[in-house]
Amino acid sequence: MSQTTQFLAHVDLEEEQGQPAEVTQGVRRMTPSEAFVETMAAYGVRDIFGIMGSAFMDAMDIFAPAGIRLVPVVHEQGAAHMADGYSRVSGRHGVVVGQNGPGVTNCVTAIAAAYWAHSPVVMITPETGTMGVGLGGFQEANQLPMFEEFTKYQAHVNNPKRMAELTGRAFDRALSEMGPTQLNIPRDYFYGEIETEIPQPMDLDRGPGGSRSLQEAADLLATARFPVVVSGGGVVMADGVAECVALAERLGAPVVNSYLHNDSFPASHPQWCGPLGYQGSKAAMKLISQADVVLVVGSRLGPFGTLPQHGLDYWPKDAAIIQIDADRTMLGLVKKISVGICGDARDAAVALTDRLAGRVLACDATREERAAAMRAEQQAWESELDEWTHELDDYSLDVIAEADAEEGSWLHPRQVLRELEKALPARVMVSTDIGNINSVANSYLRFDEPRSFLAPMSFGNCGYALPTIIGAKAAAPERPAVAYAGDGAWGMSMGEVMTAVRHDIPVTAVVFHNRQWGAEKKNQVDFYDRRFVAEELVSESFAGIARAMGAEGIVVDQLDQVGPALQQAIDMQMLQGKTCVIEIMCTRELGDPFRKDALSKPVRLLEKYRDYV
Ligand SMILES: Cc1ncc(C[n+]2csc(CCOP(=O)(O)OP(=O)(O)O)c2C)c(N)n1
Ligand SMILES: [Mg+2]
């Protein structure tokens, strides 16, 4: 079978599979391996990411007859990112497994990222056998403490008879708590014979929140003169975009996305004003700064996501804040609020819309004026982006001049990002990495569909984008999948190109080749008098490396080739099932830094370091 037919065959299979396979009913005699695998089948698991290992081989042996495929990866960090991407796009569990000890420790970073993305990832961690614990045997590690901080629930199978029960609970809790859970299984507990019943998935009905808080919120909204809606990740997770749109339309209010949740409101909607936070939309920031009431739908208002940007300290400190979050511990945690609603974002939006129906709102009188103000800010920001072809700070101007004098052709990142934005296809899923150009991309990523934008969120780890988009593509093969990464972050993760190629999960990756660890270098520019340490990145051609891994590779060093290259790569992905890496040669210019808030000018007290200020 050619690569293309294999890929298409896989897609057909996915469509045909539809419902999960029939699962064993009632109390039955079975092995713990069977109980584990049957429970996963009952919970609809069809894909697991990981690397095989003796620790769980007895269970792995029967994955296929249970309708489960194990996607083998290059590195288990990639597997856990794939499970994250898979769950964020599908709304179902993402599952990851690794060999006890090193296969498990390799996952820690990615599970931390999934935790801050609220992804229902189940991390299966086979452990040293119970008779060896504490003896310092092979691949022994105490596997619960290392995930404690990054999981919502940790199940330890303390008796093989509890395998089905605890497997089911790990899956239930991942969805009900909205975050990763761990299922820790001593490797000898896969063996033996038990009497057990396979549990059924719990179906949690969260509801809209308490009627008192909903009424208070409705009353407050009715008095608002300039309400602004913040649409957050909770709207995406609750599949509540349409309901959030209806509520925003009733208010005629500007809608801004919470940081890195650009897919939480349709960008084509006239009330969409773009994302808050690092490298976000000035229109969003200027409009929210005028709000007297802010309605936050499904967001914890993470502190990094509302820091001043573009020189604008935009958070409206005197506004009344209504916050809706499914997690009660997030209400009022970071920002002072007037009303907290503990509920599902979609159900709460519906309940508020119902409570406003038939009421006259104070803001109704100024609907037209507010719409005009909103349009003016949106247009001003779009024009600014059109004209903002490159960075204008001294350092960037210096490196642009250097690039002009160098051999080769180097493109301005902002222009590249604008061209990519125009060329992104309908229904695209985009993952971004951590880096300077990837962060600047925030202003140029717009979506009409939820479950489309995947970023490393608050954990902020480099090496995120490629494996995550591979997981997303495995969940939604019919959608185009694009990863953005800087050359540094790409180096951490590019081995997973081999996973995409080997297992026919075609994706498109855009690598911004600016020959530096730019985001951190920006701090050396701003705070360390351009004393550069460890910032250089001299690399071979990433397109060439991609080709050596069996993918396609395109080098782009002309602006008018950016869009056509993306189009060509998407065609390869969607029509031929091919993975392609587009390497874009960029200047070394750098946008605003991540952590202006957290650095200060160096102070040196010892004589030998006197000049390092
Ligand atoms: C795993 C990890 N290591 C280190 C960092 C610190 N860090 C943040 S951005 C960055 C530089 C990224 O460079 P690159 O991917 O080339 O993107 P650029 O900034 O050049 O656009 C580094 C090292 C991090 N966030 N994550
Ligand atoms: Mg770089």
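Keep in mind it's a predicted model, so treat the numbers as computed, not measured.

**Quick look at unusual backbone geometry**
- Of note in the backbone geometry, Arg427 takes a positive phi value of approximately 70 degrees without being a glycine.
- Positionally, Arg427 belongs in the loop between helix H16 (413-423) and strand E15 (429-431).
- Although it is not a glycine, Arg530 sits at a positive phi angle of roughly 55 degrees.
- Here Arg530 lies in the loop between helix H21 (518-527) and helix H22 (542-548).

**Considering the sheet that holds strand E20 (residues 580-585)**
- The parallel open sheet is built from six strands, whose spatial order is E16-E15-E17-E18-E20-E19. Edge positions in the open sheet fall to strand E16 (453-454) and strand E19 (552-556), since each of these has one partner strand only.
- Strand contacts of helix H18 (residues 465-475): E15, E16 and strand E17 (481-486), with the helix running at about 175 degrees to E17, the strand carrying the most contacts.

**Brief notes about the environment of Glu193**
- Mapped onto the secondary structure, Glu193 falls in the loop between strand E7 (181-186) and strand E8 (194-197).
- Here Glu193 falls in the exposed class, since its relative accessible area comes to 56%.
- Separated by 21 residues in sequence, Glu193 and Leu214 place their C-alpha atoms 52 Å apart.
- Leaving out residues up to four positions away in the same chain, Glu193 has contacts with Arg29, Met30 and Pro32.

**Looking at the pairing of E20**
- In terms of burial, E20 is a largely internal element, six of the six residues being buried.
- By the alternation rule, side chains of E20 split into Cys580, Ile582 and Ile584 and Val581, Glu583 and Met585, which are all buried.
- In this sheet, E20 lies alongside E19 in parallel orientation, the contact comprising five bridges. Paired with Gly553 across the strands is Val581, a residue of E20.
- Between the parallel pair E19 and E20, the chain is carried across by helix H23 (residues 562-576), and the sense of this crossover is right-handed.

**A look at the site of ligand 1**
- The environment of ligand 1 is formed by 19 residues, the closest being Asn436, Asp487, Gly488, Ala489 and Ala519.
- For ligand 1, a nitrogen atom lies 3.0 Å from a polar atom in the backbone of Cys462.
- Between ligand 1 and Asp487 there is a distance of 2.6 Å, counted from an oxygen atom to a side-chain nitrogen or oxygen.
- Contributions of two or more residues to the shell around ligand 1 are made by helix H17 (436-440), helix H19 (487-493) and H21.
- When its residues are assigned to classes, the shell around ligand 1 shows eight nonpolar, nine polar and two charged.

**Thoughts on the nonpolar core**
- Counting 50 residues, the largest nonpolar core has Phe49, Val96, Ile111, Ile469, Trp490 and Val497 as the members making the most contacts within it.
- Listing elements by their share of this core, those giving two or more residues are helix H4 (76-90), helix H6 (108-116), strand E5 (121-127), H18, E17, helix H20 (497-502), strand E18 (508-513) and H22.
- Looking at which element gives the most residues to this core, the answer is H18, with seven residues.
- When sequence neighbours within four positions are dropped, the list of residues in contact with Trp490 reads Leu466, Ala485, Val497, Ala509, Val511, Phe542 and Val581.
- Leu385, Leu424, Phe447 and Ile570 belong to the second largest nonpolar core, which has 44 residues in total.

**Quick look at the confidence of the model for the protein**
- In the predicted model, the protein carries a mean pLDDT of 95, and 97% of its residues have values of at least 70.
- Low confidence marks residues 1-18, where pLDDT is under 50. Its contacts with residues over four positions away, or in another chain, come to 23 contacts.

**A word on the sheet that holds strand E10 (residues 255-257)**
- With respect to topology, six strands assemble into an open sheet ordered E11-E10-E9-E12-E13-E14, the strand pairing being parallel. The open sheet is flanked by strand E11 (272-275) and strand E14 (339-342), the only strands paired with a single partner. Sheet twist, expressed as the mean angle between neighbouring strand axes with direction ignored, is 15 degrees.
- Where E10 meets E11, two bridges bridge the pair, whose relative direction is parallel. In the sheet register, Val255 faces E11, and the bridge partner there is Trp272.
- Here helix H12 (residues 282-289) sits on the sheet in contact with strand E9 (227-231), E10, E11 and strand E12 (293-297), set at roughly 110 degrees to E11.

**Some points on the environment of Ala551**
- Looking at the secondary structure, you find Ala551 in the loop between H22 and E19.
- Separated by 291 residues in sequence, Ala551 and Leu260 place their C-alpha atoms 29 Å apart.
- The contacts of Ala551, once residues within four sequence positions are left out, are Val497, Val501, Ala546 and Thr579.

**Focus: the side chain of Glu127**
- Within the secondary structure layout, Glu127 lies in strand E5.
- No salt bridge is formed by the buried Glu127. Its closest oppositely charged neighbour is Arg187, at 10 Å.
- Once residues within four sequence positions are removed from consideration, Glu127 is found in contact with Asn100, Ala141, Gln143, His156, Asn184, Ile185, Pro186 and Arg187.

**As for the coordination of the magnesium ion (ligand 2)**
- Those donors, Asp487 (OD), Asn514 (OD1) and Gln516 (O), are the protein atoms that reach the magnesium ion (ligand 2), and they lie 2.0 to 2.2 Å from it.
- Between the donor residues of the magnesium ion (ligand 2), the gaps in sequence give the motif D-x26-N-x1-Q. With Asp487 in helix H19 and Asn514 in the loop between E18 and H21, this residue pair connects regions lying 27 residues apart in the sequence.

**Brief notes about the packing of aromatic side chains**
- One pass over the structure, following the stated rule, counts 13 aromatic pairs.
- Centre to centre, the rings of Tyr115 and Trp116 are 5.1 Å apart; their planes meet at 90 degrees, and the pair counts as edge-to-face.
- By relative accessible area, which is 17% here, Tyr115 ends up buried.
- Between Tyr278 and Phe304, the aromatic rings sit 6.1 Å apart at their centres with planes inclined by 65 degrees, giving edge-to-face as the arrangement. Of this pair, Tyr278 sits in the loop between E11 and H12 while Phe304 sits in the loop between E12 and strand E13 (320-325), and the two are 26 residues apart along the sequence.
- Classification of Phe304 by relative accessible area gives partly exposed; the value is 25%.
- What links up through ring pairs into an aromatic cluster is the set Tyr259, Tyr278, Phe304 and Phe594.
- The lysine or arginine in question, Arg414, covers the ring of Trp388, its NZ or CZ lying 3.5 Å from the ring centre.
- Between the NZ or CZ atom of Lys521 and the centre of the ring of Phe532, over which it lies, the distance is 4.8 Å.

The rules we used
- Within each chain, residues carry numbers counting from 1 in the order of the written sequence.
- Chains carry letters from A onward and ligands carry numbers from 1 onward, assigned in written order.
- Note on the predicted model: pLDDT of at least 70 is required for a residue's local features to be given, and 80 or more for side-chain atom pairs to be given and counted; whole-chain, interface and lining totals, by contrast, use all residues.
- Water and hydrogen atoms play no part in the side-chain values, which are based on all heavy atoms of the structure.
- Where helices and strands are cited, they refer to DSSP runs of H or I of at least four residues and of E of at least two residues respectively, numbered from the N terminus.
- Pairing between two strands requires that DSSP report at least two bridges joining them.
- Only heavy atoms enter the contact rule, under which two residues are in contact if any of them lie within 4.5 Å.
- In this description, a line fitted to the C-alpha atoms serves as the axis of each element, helices being fitted only across the stretch in contact, and the angle between N-to-C directions of two axes falls anywhere from 0 to 180 degrees.
- Residue burial is assigned from relative accessible area. The probe radius is 1.4 Å, only protein chains are included, and a residue is buried under 20% of its type maximum, exposed over 50%, and partly exposed in between.
- Handedness is read with the strands pointing away from the viewer; a crossover is right-handed when the path from the first strand over the helix to the second is clockwise.
- Throughout this document, a residue counts as near a molecule or strand when at least one of its heavy atoms sits within 4 Å of that molecule or strand.
- For this analysis, a polar contact is any N or O atom pair within 3.5 Å, provided that within protein one partner can donate a hydrogen and the other can accept it, and provided that sequence-adjacent residues contribute only side-chain to side-chain pairs.
- When residues are sorted by character, Ala, Val, Leu, Ile, Met, Phe, Trp, Tyr, Cys and Pro go into the nonpolar class, Asp, Glu, Lys and Arg into the charged class, and all the rest, Gly among them, into the polar class.
- What we call a nonpolar core is a set of buried Ala, Val, Leu, Ile, Met, Phe, Trp, Tyr and Cys residues that are connected through their side-chain atoms within 4.5 Å.
- pLDDT: the predictor's confidence for each residue, scored from 0 to 100.
- When charges are counted, Lys and Arg contribute as positive and Asp and Glu as negative, whereas His and the chain ends are disregarded.
- We count a salt bridge whenever a side-chain nitrogen from Lys or Arg sits within 4 Å of a carboxyl oxygen from Asp or Glu.
- Because no water is among the atoms considered, metal sites can look incomplete, with donors defined as N, O and S atoms within 2.8 Å of the metal, or 3.2 Å for Na, K and Ca.
- Pairing of aromatic side chains here covers Phe, Tyr and the six-membered ring of Trp, requires ring centres within 6.5 Å, and sorts the geometry by plane angle: under 30 degrees stacked, over 60 edge-to-face, intermediate tilted.
- Think of it as a cone above the ring: NZ of Lys or CZ of Arg counts as a charge over the ring if it is within 6 Å of the ring centre and within 35 degrees of the ring normal.

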